[in-house]
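So you can see what is in the structure, the chains are spelled out below.
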Amino acid sequence: MSRITLPALQAMKKDGEKITCLTAYDSSFAALLDGAGVEVLLIGDSLGMVIQGQDSTLPVTLDEMIYHSRCVARGSQRALLMADMPFMADADPLQALLNAGRLMKEGGVQMVKLEGGAMQLETVRRLAAHGIPVCAHLGLLPQSVHKLGGYKVQGHDAKSASQIRDDALALQEAGADILLLECVPAALGAEISHRASVPVIGIGAGPDCDAQVLVLYDMLGITPGKRPKFSRDFTNEQEAVSGDIASAVRRYIEAVKSGSFPAKQHCF
Ligand code: KIV
């Protein structure tokens, strides 16, 4: 079976079909999510927190990202695989190019994701020129948690909202193939999704994004501590016929495709 391609995701945006994305870190979950029909699997550096028990994503190394990417690649056949560039792997454009190359060659992914706005323009241009598909992550940037002073909603005021919007459009112009918005007001998520020609993935960015992503362990209710406001525990539902993981994933896909997730209570 061939994998979902970027043009296929583009066509889904054009046709108004919502795209589903979940994080995956190992082969067994990758096979389950792939079999359920999730279109994009993100090997997120959130693995530092949910797999390794670190208190941020900063300690995750490129070798660890490659290891988990390989596990996910072995378990899946259909989904497009996207891997995070871990903290400092993209410190300058040349380093980013070489590290993205390793994620693709050794990790087996089809796309890399990097955090940051205007400061990533040159890097995105360099990767695009070498044929490396890029997702640009804007809004709440978990790798900048110490600068931001916590995991807080971004783009609340007019100035920061227009900065995020301008960065998003500039990154698309520079060659980003997908944009990802984390923790921004739903109205900003809607505006950027409407104005961008590339698919926009949201996490805490409202229902009008072209795609939704969640951290798998949040939506299965197994991340310790308080679940983020933008997430939903798909295992713990009144209407659930069965509490198994595969049905939770199917409910997630149905909810994203029908537009019932995210609902008002998951938005900022
Ligand atoms: O690392 C990750 O899982 C992510 C998502 C929160 C989008 O970047």
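The coordinates are above.
We now turn to the structure provided with this report. What you see is a predicted model, and the numbers here were worked out from it, not measured in a lab.

**Some remarks on the overall build of the protein**
Move 1: When its secondary structure is counted, the protein shows 11 helices and eight strands.
Move 2: In summary, the protein has a C-alpha radius of gyration of 17 Å against a globular reference of 18 Å for 268 residues, a match within 12%.
Move 3: Counting only C-alpha atoms, the protein reaches 50 × 40 × 40 Å along its principal axes.
Move 4: Residue burial in the protein is summarised as follows: out of 268 residues, 57% are buried.
Move 5: Nonlocal contacts in the protein, meaning residues at least 24 apart in sequence, comprise 63% of its contacts between residues at least 6 apart.
Move 6: Of the roughly 11300 Å² that the protein leaves accessible, carbon and sulfur atoms contribute 53%.

**As for the site of the ligand**
Move 1: Taken together, Thr-23, Leu-42, Gly-44, Asp-45, Ser-46, Asp-84, Lys-113, His-137, Leu-180, Glu-182, Ile-203 and Val-215 make up all the residues around the ligand.
Move 2: Asp-45 has a polar side-chain atom sitting 3.1 Å from an oxygen atom of the ligand.
Move 3: At 3.0 Å, a side-chain N or O of Asp-84 approaches an oxygen atom of the ligand.
Move 4: Within the complex, the protein chains bury 95% of what would otherwise be the 250 Å² of accessible surface of the ligand.
Move 5: Considering only residue class, the shell around the ligand consists of four nonpolar, four polar and four charged.

**Some remarks on the sheet that holds strand β1 (residues 19–23)**
Pairing between the strands of a sheet comes from backbone hydrogen bonds, and it takes one of two forms, parallel or antiparallel.
Move 1: Ordered by their spatial adjacency, eight strands build a closed barrel running β1-β2-β3-β4-β5-β6-β7-β8, and the pairing between neighbours is parallel. The sheet shows a mean angle of 25° between the axes of neighbouring strands, taken without regard to direction.
Move 2: Pairing between strand β2 (residues 40–43) and strand β3 (residues 80–84): four bridges, direction parallel. If you follow Leu-41 over to β3, its bridge partner there is Leu-81.
Move 3: Strands β2 and β3 of the sheet are contacted by helix α4 (residues 62–75), whose axis makes an angle of about 155° with β2.

**Here's the deal with the pairing of strand β7 (residues 200–203)**
Move 1: Residues of β7 alternate between two faces, with Val-200 and Gly-202 on one and Ile-201 and Ile-203 on the opposite face, all of them buried.
Move 2: What joins strand β6 (residues 178–182) to β7 is helix α9 (residues 186–195), and the crossover it makes is right-handed.
Move 3: In this structure, β7 lies alongside strand β8 (residues 211–214), joined through two bridges in parallel fashion. Bridge pairing links Gly-202 to Gln-212 in β8.

Scoring rules and cut-offs
- Residues numbered from 1 in each chain as written.
- Predicted model: local features only at pLDDT ≥ 70, side-chain atom pairs only at ≥ 80, totals over all residues.
- Heavy atoms only, no water.
- Helix = DSSP H or I, 4+ residues; strand = E, 2+ residues; numbered from the N terminus.
- Rg over C-alpha atoms; globule rule 2.2 N^0.38 Å.
- Buried < 20%, exposed > 50% of the residue type's maximum accessible area, 1.4 Å probe, protein only.
- Contact = heavy atoms within 4.5 Å.
- Areas by Shrake-Rupley, 256 points an atom, 1.4 Å probe, with all protein chains shown as cover.
- Near = heavy atom within 4 Å.
- Polar contact = N/O pair within 3.5 Å; in protein donor to acceptor, adjacent residues only side chain to side chain.
- Nonpolar A, V, L, I, M, F, W, Y, C, P; charged D, E, K, R; others polar.
- Pairing = 2+ DSSP bridges.
- Axes fitted to C-alpha atoms, helices over the stretch in contact; angles between N-to-C directions.
- Right-handed = clockwise from strand over helix to strand, strands pointing away.

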